[in-house]
Amino acid sequence: MEYSLFCHHFYALSVSPVKKKLGLLFIMLLLWVYMLYSCVGYCATMPPGLVVDNNNNNRAKETDFLGKYAEAESGRPDLMMSKLLSRPQSSWTDVESDYDEPTVRRAPRDFSKDEVDVDRAEEWDDGRRVSSLSSFSNGSGNKKLPQAIIIGVKKGGTRALLEFLRVHPDIRAVGAEPHFFDRNYDNGLDWYRDLMPKTLEGQITMEKTPSYFVTREAPARIYAMSRHTKLIVVVRDPVTRAISDYTQTLSKKPDIPTFESLTFKNRTTGLIDTSWSAIQIGIYAKHLDNWLQFFPMSQILFVSGERLISDPAGELGRVQDFLGLKRIITDKHFYFNQTKGFPCLKKAEGSSKPHCLGKTKGRTHPNIDPEVVQRLRDFYRPFNMKFYQMTGHNFGWD
């Protein structure tokens, strides 16, 4: 009898409506905490909703801000500042287009055929995702304007360099290319800052947009943001770079003319068409001269795209020294992928597995007439020599 009464009371207690409700609330609370833990950091680093600001006062604010900055800095001619802050001229439009990296957009209606994101080149083969713990920690800190920018060059190895640098705990970088100093400058510095990831004290904020190097207005605009900004340029044999550039375009537009026909204005005379962006980007000395009007050589680091493949740890060591960081990224972080033909990370940011850049990297180049290749080498040689003199470094392209 006593046993029956005990069982009766225990059963009544276990099925009590109050207990059931408390149990459900407790389970819901656990689920909510888990979702918050998993998502808060990731959401904090997502770019905000981007809206086009049609207020024409933006341009006036830009001019006023830069004008005041120019007055504060002695030795900077107002004439040069105003000239370099002007809009890009039509002959330069093609240079800044057709980049196959993900970019920040102002709004869908601003998309153009040249700007549509076809590839997600920054993504890893296995769809890498940052761990929950790492994402959660990213929710703290403050958003700052970048102290260092990878400004070029297209098809030089900028994506690989950025992904390698993100392994360093003191570097935080935005994944997509902001294109602030060439396409989105009218949005203002607050818009630009809001795109950046949060950083803690002692961490460096970085971004990369390779088209900056060939954009006439970019040096003056970056100087106006901060004259102490450190600039990194990944350079590569201009002939190989041009072929790689063409290969990228060919993968999107199979019906384009041949590389040979685009290279020459007149094949018979051998006159090179320097208006073609694939050729123009490789005239590094010309573009560098524009940057030296505002930044000393001590604030510009040139990374060899070839050595970034053959000796990634060595080049990353130079970059870490340039940024004033401890050399944490070393040989132990890399292995060479024979299939892709370039180094990969043994452990990428937020992952314990080895990773390589996506399928859009390491495309097979088409066969180019050796005579055309030689003509291009002859064309670039004097520009390369000038570039070697300007940088004080022989990259061995000739």
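What counts, and where the lines are drawn
- Residues numbered from 1 in each chain as written.
- Predicted model: local features only at pLDDT ≥ 70, side-chain atom pairs only at ≥ 80, totals over all residues.
- Heavy atoms only, no water.
- UniProt positions renumbered as here; feature names shortened; annotations may be inferred.
- Helix = DSSP H or I, 4+ residues; strand = E, 2+ residues; numbered from the N terminus.
- Buried < 20%, exposed > 50% of the residue type's maximum accessible area, 1.4 Å probe, protein only.
- Contact = heavy atoms within 4.5 Å.
- Pairing = 2+ DSSP bridges.
- Axes fitted to C-alpha atoms, helices over the stretch in contact; angles between N-to-C directions.
- Disulfide = S-S within 2.5 Å.
- Expected span 1.5 Å × (residues − 1).
- Polar contact = N/O pair within 3.5 Å; in protein donor to acceptor, adjacent residues only side chain to side chain.
- Parallel < 35°, antiparallel > 145°, perpendicular 65-115°, else oblique.
- Nonpolar A, V, L, I, M, F, W, Y, C, P; charged D, E, K, R; others polar.
- Phe/Tyr/Trp six-rings, centres within 6.5 Å; stacked < 30°, edge-to-face > 60°.

Looking at an unreviewed UniProt entry, one finds the protein named Sulfotransferase and attributed to Culter alburnus. Listed in UniProt under the heading Sequence similarities (unreviewed entry), the comment for the protein reads: "Belongs to the sulfotransferase 1 family."

S.K.: Explain the overall build of the protein to me, please; I cannot follow it from the model alone.
M.R.: Each helix and strand counted, the protein has 15 helices and 11 strands in total. Counting over 398 residues, the protein shows a buried share of 47%. Considering only contacts within the protein whose residues lie at least 6 apart along the sequence, 75% involve residues at least 24 apart.

S.K.: Looking at this structure, I do not really get the sheet that holds strand β9 (residues 300-304). What am I missing?
M.R.: Note: strands within a sheet are paired through backbone hydrogen bonds, in either parallel or antiparallel orientation. With parallel pairing, five strands are arranged side by side in an open sheet as β3-β5-β2-β6-β9. The two strands at the open ends of the sheet, each matched to only one other strand, are β3 (171-173) and β9. Going across the sheet, the axis of each strand differs from the next one's by a mean of 25°, ignoring polarity. In this sheet, strand β5 (residues 204-208) lies alongside β3 in parallel orientation, the contact comprising three bridges.

S.K.: Would you mind showing me how to read the state of the cysteines here?
M.R.: Simply put, the disulfide is a covalent bond whose two ends are the sulfur atoms of two cysteines. This structure, assessed with the given rule, holds one disulfide. Residue C344 pairs covalently with C356 via a disulfide, S to S 1.6 Å. Since a negative S-S torsion denotes a left-handed disulfide, the C344-C356 link at about 100° is right-handed. Taken together, the positions of C344 in strand β11 (residues 342-345) and C356 in the loop between β11 and α15 (370-391) put the pair 12 residues apart, joining distant regions of the chain. Exposure class is identical for C344 and C356. Each is buried.

S.K.: Would you take a moment to explain the UniProt feature "binding site: 3'-phosphoadenylyl sulfate" (unreviewed entry) in the protein for this structure?
M.R.: The UniProt record marks K155, G156, G157, T158, R159, R236, S244, K361, G362, R363, T364 and H365 with the feature "binding site: 3'-phosphoadenylyl sulfate" (unreviewed entry), using the residue numbering of this structure. With respect to the helices and strands, the residue H365 is situated in the loop between β11 and α15. Judged by its relative accessible area of 30%, H365 falls in the partly exposed class. Excluding anything up to four places from it in sequence, H365 contacts R236, T240, I243, S244 and T247.

S.K.: Please explain helix α12 (residues 284-291) as it appears in this structure.
M.R.: Working note: α-helix, 3.6 residues per turn, so residues spaced by three or four point in the same direction. Counting buried positions along α12 yields six of eight residues, so the element is predominantly enclosed. Among the residues of α12, Y284, A285, H287, L288, N290 and W291 are the ones counted as buried.

S.K.: Explanation requested: the pairing of β9 in the structure shown.
M.R.: Put simply, side chains in a regular strand alternate between the two faces of the sheet. Here β9 lies mainly inside the structure; five of its five residues are buried. Residue alternation in β9 divides its side chains into two sets, I300, F302 and S304 and L301 and V303, and both sets are buried. Across five bridges, strand β6 (residues 230-235) lies against β9 in parallel orientation. Directly across from L231, in β9, lies its bridge partner I300.

S.K.: In this structure, what is going on with α15? I would like to understand it.
M.R.: In a regular helix each residue adds 1.5 Å, so 22 residues correspond to 32 Å; α15 covers 29 Å between its end C-alpha atoms and thus fits that length. The backbone nitrogen of E371 has a side-chain oxygen 2.9 Å away, supplied by the residue at the start of α15, namely D369. G392 lies just past α15 and shows a positive phi near 70°.

S.K.: It is not clear to me how the packing of helix α6 (residues 158-165) against helix α14 (residues 312-322) should be interpreted in this structure. Could you clarify?
M.R.: In helix packing, the relevant descriptors are the interaxial angle and the interaxial distance, both defined with respect to the helix axes. Packing of α6 against α14 leaves a shortest axis separation of 11 Å and a crossing angle of 75°. By the angle between their axes, α6 is roughly perpendicular relative to α14. Residues L161, F164 and L165 of α6 lie in contact with α14, whose contacting residues are P312, L316 and V319. Counted by class, the contact of α6 with α14 contains six nonpolar, no polar and no charged residues.

S.K.: Hey, could you run me through the packing of aromatic side chains in this one?
M.R.: Working definition: an aromatic ring pair is given by the centre-to-centre distance plus the angle between the planes. Counted under the stated rule, the structure contains 24 aromatic pairs. Taken together, a centroid distance of 4.9 Å and an interplanar angle of 80° make the contact between F164 and F334 edge-to-face. Here F164, found in helix α6, pairs with F334, found in strand β10 (residues 334-337); they are 170 residues apart in sequence, far enough to count as distant. For the pair formed by F164 and F334, the shared burial category is buried. Residues F180 and Y185 carry aromatic rings whose centres are separated by 5.1 Å and whose planes lie at 50° to one another, so their mutual orientation is tilted. A relative accessible area of 9% means that Y185 is categorised as buried. An aromatic cluster is defined as three or more aromatic residues linked by ring pairs; in this entry it consists of F180, F181, Y185, W191, Y192 and Y212.

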